[in-house]
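Structural features, examined
Take a look at the letters that make up each chain.
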Amino acid sequence: MNTIESTYEIGDWLIYPKHGLGKAISYETQTILKNKVDFLVVFFEQERMTLRIPVNKVDELGLRSICEQEEMNKALTALKGKARIRKTMWAKREKDYKDKLDKGDPISVAEVLRDLYRGEGDPEQSYSERQLYELALGRFAREMVAVNDILIEEALSLIHISEPTRRT
């Protein structure tokens, strides 16, 4: 048995930074150019996509188990914090936000969500800001669903409650 198989079991919820929440569904071995390669097969329900991740690349690609409740609570605290809107060019901010999303940890994703949130009375978001916001919201909510074993609607409601106090 591979060491990776002892780390991730079939049925485990996993976070792949580039795609979010997925479930380990199997291990398989394929022969590629006369070499046997072991893969962890992960299904991403939201994207209706199955990835075969080479076992020897799992750490390098940032695959991880879902966070513990304590880390999710820290992420919710980060979400409640004051938004950090920088006055730099959008291209630089966009790169920073994408880097945080690709990092994949819930606190980084919560920070992107917090910083891109626009409430009533706030200036409108550009299309690309809105796309990043929706991506962060989806990833954060789906990990919250897996950590707390709740429905997506409940997670979105908790995230909304957790967002910083806004003007009404």
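Here the residue numbers are simple positions, counted from 1 along each chain's written sequence. Predicted model: local features are reported for residues with pLDDT of at least 70 only, side-chain atom pairs are reported and counted for 80 or more only, and whole-chain, interface and lining totals are derived from all residues. Side-chain descriptors were evaluated using all non-hydrogen atoms of the structure, hydrogens and water having been removed beforehand.

Segments assigned H or I by DSSP are reported as helices when at least four residues long, segments assigned E as strands when at least two residues long, and all are numbered from the N terminus. A count of helices and strands for the chain gives 6 helices and 5 strands. Burial here depends on accessible area, computed with a 1.4 Å probe over protein chains only, as a share of the maximum for the residue type. Under 20% is buried, over 50% is exposed, and the range in between is partly exposed. Here the chain holds 168 residues, and 39% of them are scored as buried. Contacts are residue-level and defined by heavy atoms, with any inter-residue pair within 4.5 Å sufficient. Long-range contacts, defined as pairs at least 24 residues apart, comprise 54% of the intrachain contacts of the chain with a sequence gap of at least 6.

Glancing now at unusual backbone geometry. Its identity is not glycine, yet K34 carries a phi of approximately 70°, on the positive side. Residue placement: K34 occurs in the loop between β2 (20-32) and β3 (35-44). By relative accessible area, K34 is classed as exposed at 81%.

The contact between helix α2 (residues 69-80) and helix α5 (residues 127-148) brings their axes to 10 Å, and the two run at 145°. In this structure, α2 meets α5 at a crossing whose hand is left-handed. Residue-level inspection shows Q69, M72, A75, L76 and L79 of α2 in contact with α5, the latter providing F140, E143, M144, V147 and N148. Interaxial angles span 0 to 180 degrees and are taken between N-to-C directions of axes, which are lines fitted to C-alpha atoms, for helices over the stretch in contact. Should the near helix be turned counterclockwise from the far one by less than a right angle, the crossing is left-handed, whereas a clockwise turn marks it as right-handed.

Next up on the list: the nonpolar core. Of all hydrophobic cores here, the largest spans 25 residues; its most connected members are L79, L113, F140, M144 and I159. When residues of this core are traced back to their parent elements, those giving at least two are α2, α3 (90-103), α4 (106-116), α5 and α6 (152-162). The dominant element in this core, judged by the number of residues it contributes, is α5, at 8 residues. Nonpolar core, defined: a set of buried Ala, Val, Leu, Ile, Met, Phe, Trp, Tyr and Cys residues in which side-chain atoms within 4.5 Å join the residues together. Core analysis: the next-biggest nonpolar cluster, separate from the first, contains 10 residues, Y8, L40, V42 and I53 among them.

In a beta sheet, neighbouring strands pair by backbone hydrogen bonds and run either parallel or antiparallel. Spatial ordering of the open sheet is given by β4-β3-β2-β1-β5, a layout of 5 strands whose pairing is antiparallel. Strands at the two margins of the open sheet, each flanked by one partner only, are β4 (49-54) and β5 (64-65). Two strands pair when backbone bridges link them, and strand β1 (residues 13-16) and β5 are joined in this way by 2 bridges, in the antiparallel orientation. When the sheet's bridge partners are listed, I15 is paired in β5 with R64. Seen against the sheet, α5 touches β1, β2 and β5 and runs at an angle of roughly 90° to β2. Any two strands between which DSSP finds at least two bridges are classified as paired.

Turning our eyes to something else, we now look at the environment of G138. With respect to the helices and strands, the residue G138 is situated in helix α5. Taking relative accessible area as the criterion, G138 reaches 17% and is therefore assigned buried. In this structure, the C-alpha to C-alpha distance between G138 and L21, residues 117 residues apart in sequence, is 9.5 Å.

Next up on the list: the pattern of salt bridges. Any two side chains of opposite charge can pair, given that their charged atoms come close. For this document, the term salt bridge refers to a Lys or Arg side-chain nitrogen within 4 Å of an Asp or Glu carboxyl oxygen. Overall, the coordinates contain 12 salt bridges when judged by the stated rule. With a closest N to O distance of 3.7 Å, E60 and K57 form a salt bridge. According to the relative accessible area criterion, E60 is exposed, its value standing at 60%. On the basis of relative accessible area, K57 is assigned to the partly exposed category, the value being 35%. Between R130 and E134 there is a salt bridge, with its nearest N and O atoms 2.6 Å apart. Of this pair, R130 and E134 both sit in helix α5, 4 residues apart, roughly one helical turn. Of the residues examined, R130 reaches a relative accessible area of 38% and is grouped as partly exposed.

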